[in-house]
Amino acid sequence: MKQSNDNPADSGRGRLECLDATNFKLMKKRKPGLVLNWLNIYWLVLIPLIFLGIFYFYPLFKIFLLSLMPEDKWDLSVFLNLISTSYYLNILWFTFWQAAVSTILTIISALPGAYIFACYRFWGKDILQAFTTIPFVLPTVVVAAAFQAFLGSHGLVNSWLIKCFNLSSPPIAIDRSIWFILLAHIFYNYTIVLRMVGGFWAQMENQLNDAALMLGASPFTIFYKITLPLLRPVIFAAGLLVFIFCFSSFGVVLILGGPQFATLEVEIYRQAVNFFNLPLAAALSLIQIFFTFVLMWVYTVVQRKTAVSLNPESPVYSQKTPVLLKEKMIVGINIIFMIILLVFPLAALVIQSFFSEHGFSLVYYTALFENNSSSIFFIQPGKAIFYSLAIACAALLMALSLGSMGAVFLAKSKTRLSSFIDPLFMLPLSTSAVTLGFGFIIALDEPPLNLRTSIILVPIAHTLAAFPFVVRSLVPALRSIPPNLREAAALLGASPWKVWKAVDLPIVGRALTVAAVFAFTVSLGEFGATVFIARPQIPTMPLAIYRFLGQPGAMNYGQAMAMSSLLMMVTGAGFLFLEKLRKDRAGEF
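An unreviewed UniProt entry annotates the protein as ABC transporter, permease protein of Desulfonema limicola. Per UniProt, the protein has the following entry under Sequence similarities (unreviewed entry): "Belongs to the binding-protein-dependent transport system permease family."

This is the structure:
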């Protein structure tokens, strides 16, 4: 009897054998390709590593040499001078003191806000939460200009009080005082505590609180015995992060503090630019680098060791609408406080930019595009806007190119090398911009890297500042792409270009936009490094604002307000756009 060839088992077995044979052939064909891909990945990561080596590690190495070997031999006299002179010890003490006081005041101010965001639902909550983040992403010069417009001697509050009570002098005299610096630091870092503590608080389960309430505990006892111990790690982590930002504060102290106040960053700038004492500036930079790295190390250790394990609860079930009068008052008072602290200074900045001594006017905005001064030190504001946008576009392209290469390597490689390179890419984030700018001056002044007078130096510095943000935005999106999607497309005959266009790009496109917005806004507001390396004939918007605020006259002050408003508008719009894109949590920031 003839055996039928239509046996289903035989037919299936045959197809499987054929498929295995086909896959085997494909694997054989793809093996050289896989090797080539890995080689390409290592070539890709080599380019950002070379960039970091030249423009990050080499300048830091030159700072190290200049501070310890100023005459090409070991010489610790500069360091001995630092630790034996009360002036520099006072600067170090003031840097720690103002950072500690700013941190304590920021936590005290922001904890009530974190509480209402964590526990209550109210109208306009999402808008208010997005707006509270804008001060943190604003350039420091804009923050300083906003507080001068609000509480300065010519600010909105003083002008209103003088007019209403017919006073001869401003009643609020906090210009060039420590209070101005502390207020600006609270304004700048308020959202860190609000977001970190409020986000953790909103996910805390209510079972412990409910059990304590049933056992007769008062609300204060519940907070002191249960809630506060659970919140303590995240409060400490947020406080340490605020301390690090205040410790490396530069623009706020330089503009609002005046000559009587100096942090380590401000003193590095003065020694390098005003006195040209490069060995001393290098020694101060080395001290600043040491403390910054120690603080960042403490922060990561604290975050890892103090993590509290909880069963997160959805805010939809834990939050409530304020119904009682007491609850409405708590929410209302906190909202009013946030508006006064965070909204009024920015509103004052915009109002001051539209009002001259003759009332409402656009004269400050139109003056931004005119050159009516014959001074050689005059900065044409229109040119500053043009150079800022051009430099931001160049930095965006470089940061996206280098960041994409680094992110592709980190996403595809799971070796020890990638574990080592990953934190290496984040190092520029923990290094102050002032130190980087100073390192550029002393390191990139000899052939073949004589870039001190080159126009490309500013975009390079901005790229270095934006690079970690781009990498951290792209890596999660790249890692989320299932490998079988690419393999299926390749099996169907798609070329590598079509695979990238049809599979990778739709998934990482949104993260790529987030990274681009980060790079653009970081570059627009960068001040610490730019003030060192930008040529006088190529000013940026933050530099122009700083110089306008340092010159007398209503026109200079008004132009500083107008340019700050434009910079704030661009930065704020970019951040709000970024927040909208981040609804799917595509990035790690």
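We now examine the overall build of the protein. Along the backbone of the protein there are 24 helices and two strands. Across the 589 residues in the protein, those meeting the buried criterion constitute 49%. Long-range pairs, those at least 24 residues apart, make up 79% of the contacts in the protein between residues at least 6 apart in sequence. For the protein, the computed accessible surface area is about 30100 Å², with 68% contributed by carbon and sulfur atoms.

This part takes up the pattern of salt bridges. Between side chains of opposite charge, a pair can form when the charged atoms approach closely. Inspection of every chain in the model, using the stated rule, returns three salt bridges. With a shortest N-O distance of 4.0 Å, Arg270 and Glu267 are connected by a salt bridge. Taken together, the residues span about one helical turn, with Arg270 and Glu267 both in helix α11 (residues 264–274) at a distance of three residues. Both residues of the pair, Arg270 and Glu267, count as buried. One salt bridge connects Glu327 with Lys320, and the closest N-O pair in it is separated by 3.0 Å.

All right, on to helix α7 (residues 178–202) then. Helix length check: α7, at 25 residues, gives a terminal C-alpha distance of 35 Å against a target of 36 Å (1.5 Å per residue), a fit within 8%. If you look at α7, its biggest bend is around 45°, right at Asn189.

Where helix α16 (residues 381–412) contacts helix α21 (residues 496–525), the two axes come as close as 8 Å, and the packing angle between them is 135°. In terms of orientation, α16 and α21 fall into the oblique class. Judged by the twist between their axes, the crossing of α16 over α21 is right-handed. Residues Ser388, Leu389, Ile391, Ala392, Cys393, Ala395, Leu396, Ala399, Leu400 and Ser404 of α16 touch α21, and the partners they reach there are Leu512, Ala515, Ala516, Ala519, Phe520, Ser523 and Leu524. Partitioning the contact of α16 with α21 into residue classes produces 14 nonpolar, three polar and no charged.

Counting across every chain of the model gives 31 aromatic pairs. A ring pair is formed by Phe220 and Tyr224, whose centres lie 6.0 Å apart and whose planes are at 10°; its orientation type is stacked. With Phe220 and Tyr224 both in helix α9 (residues 219–247) and four residues apart, this pair spans about one turn of that helix. By relative accessible area, which is 61% here, Phe220 ends up exposed. One aromatic cluster is present, formed by Phe250, Tyr269, Phe438, Phe527, Phe532 and Tyr546 through successive ring pairs.

For the rest of this paragraph, the subject is the nonpolar core. In globular proteins that are soluble, nonpolar side chains generally tend to be buried together. Ranked by size, the top nonpolar core spans 180 residues in total, and within it Val197, Phe425, Phe438, Phe440, Phe532 and Met563 carry the most contacts. Excluding residues that lie within four positions of it along the chain, Phe532 makes contacts with Ile268, Tyr269, Ala272, Val273, Val434, Gly437, Phe438 and Ile441.

Moving on, we come to a nonpolar patch on the surface. On the surface, Leu76, Leu80, Ile83 and Leu89 cluster together into a nonpolar patch covering about 390 Å² of accessible area. Relative to the helices and strands, Leu76 resides in the loop between α1 (8–68) and α2 (77–84).

Quick notes on the rules
Residues numbered from 1 in each chain as written. Predicted model: local features only at pLDDT ≥ 70, side-chain atom pairs only at ≥ 80, totals over all residues. Heavy atoms only, no water. UniProt positions renumbered as here; feature names shortened; annotations may be inferred. Helix = DSSP H or I, 4+ residues; strand = E, 2+ residues; numbered from the N terminus. Buried < 20%, exposed > 50% of the residue type's maximum accessible area, 1.4 Å probe, protein only. Contact = heavy atoms within 4.5 Å. Areas by Shrake-Rupley, 256 points an atom, 1.4 Å probe, with all protein chains shown as cover. Salt bridge = Lys/Arg side-chain N within 4 Å of Asp/Glu carboxyl O. Expected span 1.5 Å × (residues − 1). Bend = angle between axes of the 7 residues up to and from the residue. Axes fitted to C-alpha atoms, helices over the stretch in contact; angles between N-to-C directions. Parallel < 35°, antiparallel > 145°, perpendicular 65-115°, else oblique. Left-handed = near helix turned anticlockwise from the far one by under 90°. Nonpolar A, V, L, I, M, F, W, Y, C, P; charged D, E, K, R; others polar. Phe/Tyr/Trp six-rings, centres within 6.5 Å; stacked < 30°, edge-to-face > 60°. Core = buried A, V, L, I, M, F, W, Y, C linked by side-chain atoms within 4.5 Å. Patch = residues over 30% accessible without salt bridge, like charges linked within 9 Å, V, L, I, M, F, W, Y side chains within 5 Å.

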